[in-house]
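# An overview of the molecular structure
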Amino acid sequence: MNVLAIIGRAVLAMLAAVGRVTLFAADTVSHLGRPPYYPREFAQALVQIGYFSLPVVGLTTIFTGGALALQIYAGGARFSAEAVVPQIVAIGMVRELGPVLVGLMIAARVTSSIAAEIATMKVTEQIDALITLSTNPAKYLTLPRVLAATVVMPFLVGVGDIIGIMGGYLVGVERLGFNAGTYLRNTIDFLEPLDVVSSLTKAAVFGFLAALMGCYFGMRSGRGAQGVGRATKGAVVAASVLILAANFVLTELFFSA
Amino acid sequence: MIDLVDVHKAFGANRVLTGVNLTLRKGRSMVIIGGSGTGKSVLLKCVLGLVQPDKGAISVDGTDVTNLRQGTPERDAFLARFGMLFQGSALFDSLPVWQNVAFRLLRGSLKKPRAEAREIAAEKLRRVGLSPDVADLFPAELSGGMQKRVGLARAIATEPEIIFFDEPTTGLDPIMAGVINDLIRGITSEMGSTAMTITHDMSSVRAIADEVAMLHDGMIQWTGPAGEMDNSGDPCVAQFISGRAEGPIETVR
Ligand SMILES: Nc1ncnc2c1ncn2[C@@H]1O[C@H](COP(=O)(O)OP(=O)(O)OP(=O)(O)O)[C@@H](O)[C@H]1O
Ligand SMILES: [Mg+2]
């Protein structure tokens, strides 16, 4: 009986949280069609989220692409299939690892900073001040960040996909003795438009989720430094889990048929 | 005119306001005094709709403002008439000082050309005793008292009809406090604005108040013209003015 009550309470709490997040997301998106807009804040968010994330994206994907090439070569050797390295690296990077790893890096880098910034603003009454200055925080803080992340993530993931494939190429050509021209031709011939489309779609969804979670947890922050810490932690965990869950759902949608 | 009737507000088990009744007429300057933690800041936030009262009615010029929903034109119009200095200044630390002061002039319905907005910001900074050099600094680079004055400049930047000051002189030296008292006095007498000020500083009360209200135990304990404050006959007010530890106001709260 007691156990049931505990489970029931947890489920209800989770449903309530899902409901709140959904409402928050719907409210955020609804501001797309309702001026005023804040282009300056949007531009700043683009630079912060997009441009300054490039180094992290490049480093993450180049090492992953390289490691992937080594693994596939070693694993493929067990059944004499070493030659598939270019194809598997391409498909693995573009369909899965590119979007997921970049998504998780963005959750670490962008979600945390958005959550900490907005939570600090909340704790120091800056959000209250915004409201008294006739500025809607949803329009001024949330929408620019969420929109910027959604728009810029496909670019980041596109760059990440290419750098990841390049990491595989470098390892393949320098370490594993592949012919450079053959490696590239195999990669390009093998990739299909759907692979790229799925990669960029995932990217947009992950960017949306990452920024949304940062804003949601920041806006709901408790009081004091502890509140800011909790909001930041909650935002990063929620964004990471949602990104992985969304990845599964999107993969199912794109490739299960 | 601002009218509060039987306003209640509790945070969990902490019952902060337990039936506040208060009226402030247009163009008057009211000072709210009361012990630390009695809910003065919460009271101002209730009027602004930043804190939702549990019970009671708050009206401004006869219109009920407790149920204005965020984002509606009515609420925007309501907020456009207000200026607020927060107790902790609440400056936007991502923006330089002048953009903080001119925040409302740089966007939204009151938008002005950038150069003009900057001009106005510099003028308001001068009025609160800050040199133009601070305009391009960031809030984190200022002292606490300077931040407070930037917050004050921001609150008066658009010359609102109704201005709330939450402890405008706390943390300022006596001379600067005098400048700010004169400024607040001037805002009500020259611009005809309605002002509600929270302060613990009795010299400030005497300098700026037309009316005084004392908040104690979640209710307005005493209210009257500033001149009658010394002969109010209310033990709480008397204790507050004299700053004695003995009296009806408990020292542990
Ligand atoms: N957002 C909030 N959540 C929970 N409790 C709050 C909140 N805001 C204020 N309180 C509580 O309400 C009470 C009154 O706070 P308030 O800030 O209004 O005091 P005050 O009269 O302005 O005091 P001071 O003179 O020290 O500024 C305090 O006990 C405070 O803990
Ligand atoms: Mg206060």
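The structure under discussion appears in the preceding block.
A brief report on the enclosed structure follows. For clarity, every value in this text was computed on a predicted model and none was experimentally measured. (Residues numbered from 1 in each chain as written. Chains lettered and ligands numbered in written order. Predicted model: local features only at pLDDT ≥ 70, side-chain atom pairs only at ≥ 80, totals over all residues. Heavy atoms only, no water.)

Here the focus is the packing of aromatic side chains. In total, this model carries 12 aromatic pairs over all chains according to the counting rule given. The interplanar angle of 75° and the centroid separation of 6.3 Å between the aromatic rings of Tyr73 of chain A and Phe178 of chain A together place this pair among those described as edge-to-face. Here the residue Tyr73 of chain A occupies a position in helix H3 (residues 54–77), and Phe178 of chain A occupies one in the loop between helix H6 (137–174) and helix H7 (180–190), the gap between them amounting to 105 residues. For Tyr73 of chain A, a relative accessible area of 29% corresponds to the partly exposed category. Among the residues examined, Phe178 of chain A registers a relative accessible area of 17% and is labelled buried. Centre to centre, the rings of Phe254 of chain A and Phe255 of chain A are 6.0 Å apart; their planes meet at 40°, and the pair counts as tilted. Relative accessible area serves as the criterion here: at 22%, Phe254 of chain A is assigned to the partly exposed category. One aromatic cluster is present, formed by Tyr38 and Tyr140 of chain A together with Phe92 and Phe103 of chain B through successive ring pairs. Directly above the aromatic system of Phe255 of chain A lies the positively charged group of Arg95 of chain A, at a separation of 3.8 Å from the ring centroid. Its guanidinium or amino end placed over the ring of Phe11 of chain B, Lys9 of chain B lies 5.2 Å from that ring's centre, counting from NZ or CZ. (Phe/Tyr/Trp six-rings, centres within 6.5 Å; stacked < 30°, edge-to-face > 60°. Helix = DSSP H or I, 4+ residues; strand = E, 2+ residues; numbered from the N terminus. Buried < 20%, exposed > 50% of the residue type's maximum accessible area, 1.4 Å probe, protein only. Lys NZ or Arg CZ within 6 Å of the ring centre and 35° of its normal.)

Moving on to the coordination of the magnesium ion (ligand 2). Those donors, Ser41 of chain B (OG) and Gln87 of chain B (OE1), are the protein atoms that reach the magnesium ion (ligand 2), and they lie 2.0 to 2.1 Å from it. Of this pair, Ser41 of chain B sits in helix H1 (residues 40–48) while Gln87 of chain B is found in the loop between strand E6 (82–85) and helix H3 (97–101), placing the two residues 46 residues apart along the sequence. (Donors = N, O, S within 2.8 Å, 3.2 Å for Na, K, Ca; no water.)

What follows covers the nonpolar core. Grouped together as the largest cluster of nonpolar side chains are 81 residues, with contacts concentrated most on Leu4, Leu17, Val20, Leu22 and Phe164 of chain B. At 10 residues, helix H8 (residues 193–219) of chain A tops the list of elements feeding residues into this core. Two domains share this core, each providing at least three of its residues, namely domain 1 (1–81 + 162–248) and domain 2 (91–159) of chain B. (Core = buried A, V, L, I, M, F, W, Y, C linked by side-chain atoms within 4.5 Å. Domains from an automatic or database assignment.)

Below, the discussion takes up the pairing of strand E10 (residues 219–225) of chain B. Of the pairings in the sheet, the one linking strand E9 (residues 211–216) of chain B to E10 of chain B comprises 6 bridges and is antiparallel in character. Across the sheet, the residue bridging to Val212 of chain B is Gly224 of chain B, located in E10 of chain B. (Pairing = 2+ DSSP bridges.)

Residue and element names in this part refer to chain B. Evaluated as defined, the whole model comprises 17 salt bridges over all chains. The salt bridge partner of Arg81 is Asp61, with a shortest N-O separation of 2.5 Å. Note that Arg81 is positioned in the loop between helix H2 (73–80) and E6 and Asp61 in the loop between strand E4 (55–60) and strand E5 (63–64), a separation of 20 residues in sequence. For Arg81, a relative accessible area of 21% gives the class partly exposed. Of the charged contacts, one joins Lys124 and Glu123 as a salt bridge, the two residues approaching to 3.8 Å between their closest N and O atoms. Among the residues examined, Lys124 registers a relative accessible area of 3% and is labelled buried. (Salt bridge = Lys/Arg side-chain N within 4 Å of Asp/Glu carboxyl O.)

Here we take up the packing of helix H4 (residues 85–123) of chain A against helix H9 (residues 224–255) of chain A. All names here are of chain A. Relative orientation of the contacting elements H4 and H9 amounts to 150°, with a least axis distance of 8 Å. Compared by their axis directions, H4 and H9 come out roughly antiparallel. As H4 packs across H9, the resulting crossing turns out to be right-handed. Each residue belonging to the contact of H4 with H9 can be placed in one class, and the counts come to 15 nonpolar, 9 polar and 2 charged. (Axes fitted to C-alpha atoms, helices over the stretch in contact; angles between N-to-C directions. Parallel < 35°, antiparallel > 145°, perpendicular 65-115°, else oblique. Left-handed = near helix turned anticlockwise from the far one by under 90°. Nonpolar A, V, L, I, M, F, W, Y, C, P; charged D, E, K, R; others polar.)

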